[in-house]
Amino acid sequence: AVRAALLDLDLPAWEEIRFKPEFSPWKGEDLPFSASFFAPGSIYNRSVAVNLVEDGVITPLALTPEMFDFGAAVPPGKLEGETIPCAGFALAHLPAFPATPRDLAAFLGATYFRAKGKDSVFGVSARGLALNTALPEGEEFPYFREFWLVKPSANDTAFTLFALMDSPSMAGAYAFVITPGTSVAVETRCRLFPRHGAAQPAKIGLAAMNSMFLMAEGAENTGGKAPFD
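Calculation notes
- Residues numbered from 1 in each chain as written.
- Predicted model: local features only at pLDDT ≥ 70, side-chain atom pairs only at ≥ 80, totals over all residues.
- Heavy atoms only, no water.
- Helix = DSSP H or I, 4+ residues; strand = E, 2+ residues; numbered from the N terminus.
- Buried < 20%, exposed > 50% of the residue type's maximum accessible area, 1.4 Å probe, protein only.
- Areas by Shrake-Rupley, 256 points an atom, 1.4 Å probe, with all protein chains shown as cover.
- Pairing = 2+ DSSP bridges.
- Axes fitted to C-alpha atoms, helices over the stretch in contact; angles between N-to-C directions.
- Contact = heavy atoms within 4.5 Å.
- Core = buried A, V, L, I, M, F, W, Y, C linked by side-chain atoms within 4.5 Å.

Enquirer: Teacher, can you tell me more about the overall build of the protein here?
Expert: Along its length, the protein carries two helices and 16 strands. Looking at the protein as a whole, 39% of its 229 residues qualify as buried. Element-wise, carbon and sulfur atoms account for 55% of the exposed surface of the protein, whose accessible area totals about 13,100 Å².

Below you can see the structure in the form of structure tokens.
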């Protein structure tokens, strides 16, 4: 369960929390990829299970307070002795200079994920699945409830991970192969399973994208669009 000390944070306070790089999996093994993890809190109120896979052996990830720098967000000792659930994770590519890894991809919240190429910035977020978007009865939000991160080898040029998706009407199994470069490629495969006896969604969106947008004064008089649209 996510502790109230984290759930009660506003978003700027939660954004102060940083995973300490010295606790990254495979630290010091001179591998081309690394992973860091997000603590839950604020709007990220759902925890996910993360597993590390090495030579076919699966090891559940366990996070503790000393793995995070909470800044001023959480008073020292507030979470002492507690395990920290995981809200999501980020991947980095370590091409030639491991001391300065390049951000590569992040999986955080519902089925959202995003990635970026060399010398670019994060843009729109992709979604593993979109259900009943823009319908009067409301949208159904699937979420990735468990991940398996495959330990890379020294010569790997892509990072592989798997995910289990859950939702009231459907479940799904996903595989991602993320290849860094000037443009990043995220090869995604999924298999969806409608739940027996559940009401099936009227709209299913595959490879959905979304992002934030600007809203100006007076937008409420333009049919919900900003005047400059």
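Picking up after the structure, the text goes on.
Enquirer: Help me understand the sheet that holds strand E2 (residues 33-38) in this model?
Expert: Sheets are built from strands that pair by backbone hydrogen bonding, the pairs being arranged parallel or antiparallel. Spatially, E2-E6-E7-E8-E9-E16 is the arrangement adopted by the six strands of the open sheet, whose pairing is antiparallel. Looking along the sheet, the strands with just one partner apiece sit at the ends: E2 and strand E16 (208-210). Averaged over all pairs of adjacent strands, the angle between their axes in this sheet comes to 25°, without regard to strand direction. The pairing of strand E7 (residues 102-108) with strand E8 (residues 112-115) spans three bridges and is classified as antiparallel. Bridge pairing in E8 links alanine 105 to alanine 115.

Enquirer: I would appreciate a short explanation of the side chain of serine 169 in the present structure.
Expert: Secondary-structure assignment places serine 169 in the loop between strand E12 (159-166) and strand E13 (170-179). What makes serine 169 buried here is its relative accessible area of 2%. When sequence neighbours within four positions are dropped, the list of residues in contact with serine 169 reads Leu131, Glu140, Phe193, Pro194, Arg195, Ala198, Ala199, Gln200 and Pro201.

Enquirer: Can you walk me through the sheet that holds E13 in this structure?
Expert: Strand order across the open sheet formed by six strands is E4-E3-E11-E12-E13-E14, with mixed pairing between neighbours. The outermost strands of the open sheet, each flanked by one partner alone, are strand E4 (57-60) and strand E14 (185-194). For this sheet, the mean angle separating the axes of adjacent strands, direction not counted, is 20°. Looking at chain direction, E12 and E13 are connected through eight bridges and run antiparallel. Its bridge partner lying in E13, phenylalanine 159 is registered against isoleucine 178.

Enquirer: It is not clear to me how the nonpolar core should be interpreted in this structure. Could you clarify?
Expert: Nonpolar side chains in soluble globular proteins tend to be buried together. Counting 47 residues, the largest nonpolar core has Ile17, Phe37, Phe68, Phe107, Phe147, Leu149 and Leu161 as the members making the most contacts within it. Looking at this core, the elements that each hand over two or more residues are helix H2 (11-14), E2, strand E3 (49-54), strand E6 (88-93), E7, strand E11 (143-150), E12 and E13.

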